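Here is what each chain is made of, one letter per residue.
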Amino acid sequence: MTYSFVVEPLAVQDFESEDERIERCKEWNLLPGSATRVKTYLYKRQGLTLPCEIVGFVDNQTVVVQFENKQQHCIHPAYLKEMQTASFGQRAQAAADARSEDPAEAAGEAGLLENQPVEGDAEVRGEADVEGAGSVGAAGGDAAERLESGSADAAEGVSVAETAAPAEKPRKPAASKKKPALQLPEDKLKVTAVVKEFTTVPNHFSDNDDEVIIYENVAIEGHELAIDEVWSSHSATLKKLELKEGDPVSFEAKIVAKKLSQHPVKYKINNPSKMKVIQPDS
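Note that the structure is a prediction, hence the values are computed from the model and not measured.

Peer 1: Quick question: what am I supposed to make of the overall build of the protein chain here?
Peer 2: Along the protein chain, the regular secondary structure elements total nine helices and nine strands. Counting across all 282 residues of the protein chain, residues that qualify as buried make up 43%. Considering only contacts within the protein chain whose residues lie at least 6 apart along the sequence, 59% involve residues at least 24 apart. Of the accessible surface of the protein chain, which amounts to about 15,900 Å², a share of 49% is contributed by carbon and sulfur atoms.

Shown next as structure tokens:
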């Protein structure tokens, strides 16, 4: 059986390792900070509940899931996260039921769905937009404006013509207020640093806080970048090293502009590899 709603990725970036897949899922808030393995997720759509697994990504805002029939589908990670809640889609289903009984009442309900948040779910408009972001990532982004207008009704199979909801002007994406302070290389870099602190930050999608490491005295081979401190998740792989505060370390990693919550550290290291404690000269 094949699914007609699938938005197939044009190109999939595979995970280099299972550890990278786990770290990526934590960054997307699809796993708690203490997780050591990837879970199976549920994809919910128009009465269907389909198990799926994350097999790759198109970009940082578009993950690729694979269903049991091997079809692959692009979806925004926040939308996939909302699908895991028990109440996902109940509001839209209520509107659909009302429409079958009273078209005029359904039209009013559809208007509410477009403009009001749903407890436990994303806004209905948001649901369509975040999944639409997957198709934008896969197809190059040329349909972004069309996804914004009327996408809430499309998310649950209710058309604008059927509901007679008032037309709404397409929303333009808000301009990002945060810009990277530096032009960061996209490749993995060879880095030396000193373990400054072990701490935790809140994870609103989990009962447990995320464990992180803050590093200071950062030096990047072959680059002169004004970066003194960086942070990373304290993953299961790093815990095996039994790092201590004050340990000088070397590793290879990508550095991205991502501020640590509740701390003045602006840059994060992604997928550190070959990490080791630098031993003093004897």
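Peer 1: Even after reading the chapter, I still don't get the packing of aromatic side chains, so can you show me in this structure?
Peer 2: In this description, a pair of aromatic rings is defined by centroid distance and the angle of the planes. Under the defined criterion, the tally for this structure stands at nine aromatic pairs. Consider the rings of Tyr79 and Phe88, whose centres lie 5.9 Å apart with planes at 55°: the pair is tilted. In this pair, the class of Tyr79 matches that of Phe88, namely buried. Here Tyr215 and Phe251 contribute two aromatic rings whose centre-to-centre distance is 5.9 Å and whose plane-to-plane angle is 50°, an arrangement assigned as tilted. Highlighted residues: Tyr215 in strand 6 (residues 210-220) and Phe251 in strand 8 (residues 248-257), separated in sequence by 36 residues. Taken individually, Tyr215 and Phe251 each receive the classification buried, so the pair is uniform in this respect. Sitting over the face of the ring of Trp231, Lys268 holds its NZ or CZ atom 5.2 Å from the ring centroid.

Peer 1: Honestly, the nonpolar core in this entry has me stumped. Any pointers?
Peer 2: Soluble globular proteins: nonpolar side chains tend toward being buried together. One finds Tyr41, Tyr43, Ile54, Phe67, Ile75 and Leu80 to be the most contacted residues of the largest nonpolar core, which totals 25 residues. The element best represented in this core is strand 2 (residues 48-59), accounting for four residues. Core analysis: the second largest hydrophobic core is formed by 20 residues, Val191, Ala193, Tyr215 and Ala253 among them.

Peer 1: Even after reading the chapter, I still don't get the pattern of salt bridges, so can you show me in this structure?
Peer 2: In a structure, side chains of opposite charge can pair up when their charged atoms sit close to one another. Inspection of every chain in the model, using the stated rule, returns 10 salt bridges. Linking Lys268 and Glu27 is a salt bridge whose minimum nitrogen-to-oxygen distance equals 3.1 Å. Placement of the pair is Lys268 in strand 9 (residues 267-277) and Glu27 in helix 1 (residues 18-27), with a sequence separation of 241 residues. Here Lys244 and Asp247 are joined by a salt bridge, their closest N and O atoms 3.9 Å apart. Relative accessible area serves as the criterion here: at 12%, Asp247 is assigned to the buried category.

Peer 1: I would appreciate a short explanation of the pairing of strand 3 (residues 62-67) in the present structure.
Peer 2: A regular strand carries its side chains on alternate faces of the sheet. Across the six residues of strand 3, six count as buried, placing the element largely inside the fold. Side chains Thr62, Val64 and Gln66 project from strand 3 onto one buried face, and the interleaved Val63, Val65 and Phe67 project onto a second face that is buried too. In this structure, strand 2 lies alongside strand 3, joined through six bridges in antiparallel fashion. For Glu53, the partnering residue across the bridge sits in strand 3 and is Gln66. With four bridges joining them, strand 3 and strand 4 (residues 72-75) adopt antiparallel strand pairing. By the bridge assignment, Gln66 is partnered in strand 4 with Gln72.

Peer 1: Just checking my understanding: could you explain the environment of Cys74 for this structure?
Peer 2: Mapped onto the secondary structure, Cys74 falls in strand 4. A relative accessible area of 0% places Cys74 in the buried class. In the structure, Cys74 is positioned 10 residues away from Val64 in sequence and 4.7 Å away in space, judged by C-alpha atoms.

Peer 1: Before we go on, may I ask you to explain helix 1 in this structure?
Peer 2: An α-helical segment advances 3.6 residues per turn. Residues three or four places apart therefore align on the same side. In terms of burial, helix 1 is largely enclosed, as seven of its 10 residues are buried. Buried within helix 1 are the following residues: Glu20, Arg21, Ile22, Glu23, Arg24, Cys25 and Lys26. At its buried positions, helix 1 is contacted by strand 1 (41-45), strand 2, strand 7 (230-233) and strand 9. At the C-terminal side of helix 1, Asn29 shows a positive phi close to 60°.

Peer 1: Could you clarify how one ought to interpret the side chain of Lys26 in this entry?
Peer 2: Relative to the helices and strands, Lys26 is located in helix 1. With a relative accessible area of 8%, Lys26 lands in the buried category. A distance of 3.1 Å separates a polar atom in the side chain of Lys26 from the backbone oxygen of Ala35. Here Lys26 is in contact with Leu31, Pro32, Gly33 and Ala35, once residues within four sequence places are set aside.

Peer 1: Explain the sheet that holds strand 1 here, please?
Peer 2: Paired through backbone hydrogen bonds, the strands of a sheet run either parallel or antiparallel to each other. Overall, antiparallel pairing links the four strands, which are arranged 1-2-3-4 in an open sheet. The two strands at the open ends of the sheet, each matched to only one other strand, are strand 1 and strand 4. Going across the sheet, the axis of each strand differs from the next one's by a mean of 50°, ignoring polarity. Lying on the sheet, helix 1 is in contact with strand 1 and strand 2; it crosses strand 2 at an angle near 105°.

About the thresholds
Residues numbered from 1 in each chain as written. Predicted model: local features only at pLDDT ≥ 70, side-chain atom pairs only at ≥ 80, totals over all residues. Heavy atoms only, no water. Helix = DSSP H or I, 4+ residues; strand = E, 2+ residues; numbered from the N terminus. Buried < 20%, exposed > 50% of the residue type's maximum accessible area, 1.4 Å probe, protein only. Contact = heavy atoms within 4.5 Å. Areas by Shrake-Rupley, 256 points an atom, 1.4 Å probe, with all protein chains shown as cover. Phe/Tyr/Trp six-rings, centres within 6.5 Å; stacked < 30°, edge-to-face > 60°. Lys NZ or Arg CZ within 6 Å of the ring centre and 35° of its normal. Core = buried A, V, L, I, M, F, W, Y, C linked by side-chain atoms within 4.5 Å. Salt bridge = Lys/Arg side-chain N within 4 Å of Asp/Glu carboxyl O. Pairing = 2+ DSSP bridges. Polar contact = N/O pair within 3.5 Å; in protein donor to acceptor, adjacent residues only side chain to side chain. Axes fitted to C-alpha atoms, helices over the stretch in contact; angles between N-to-C directions.

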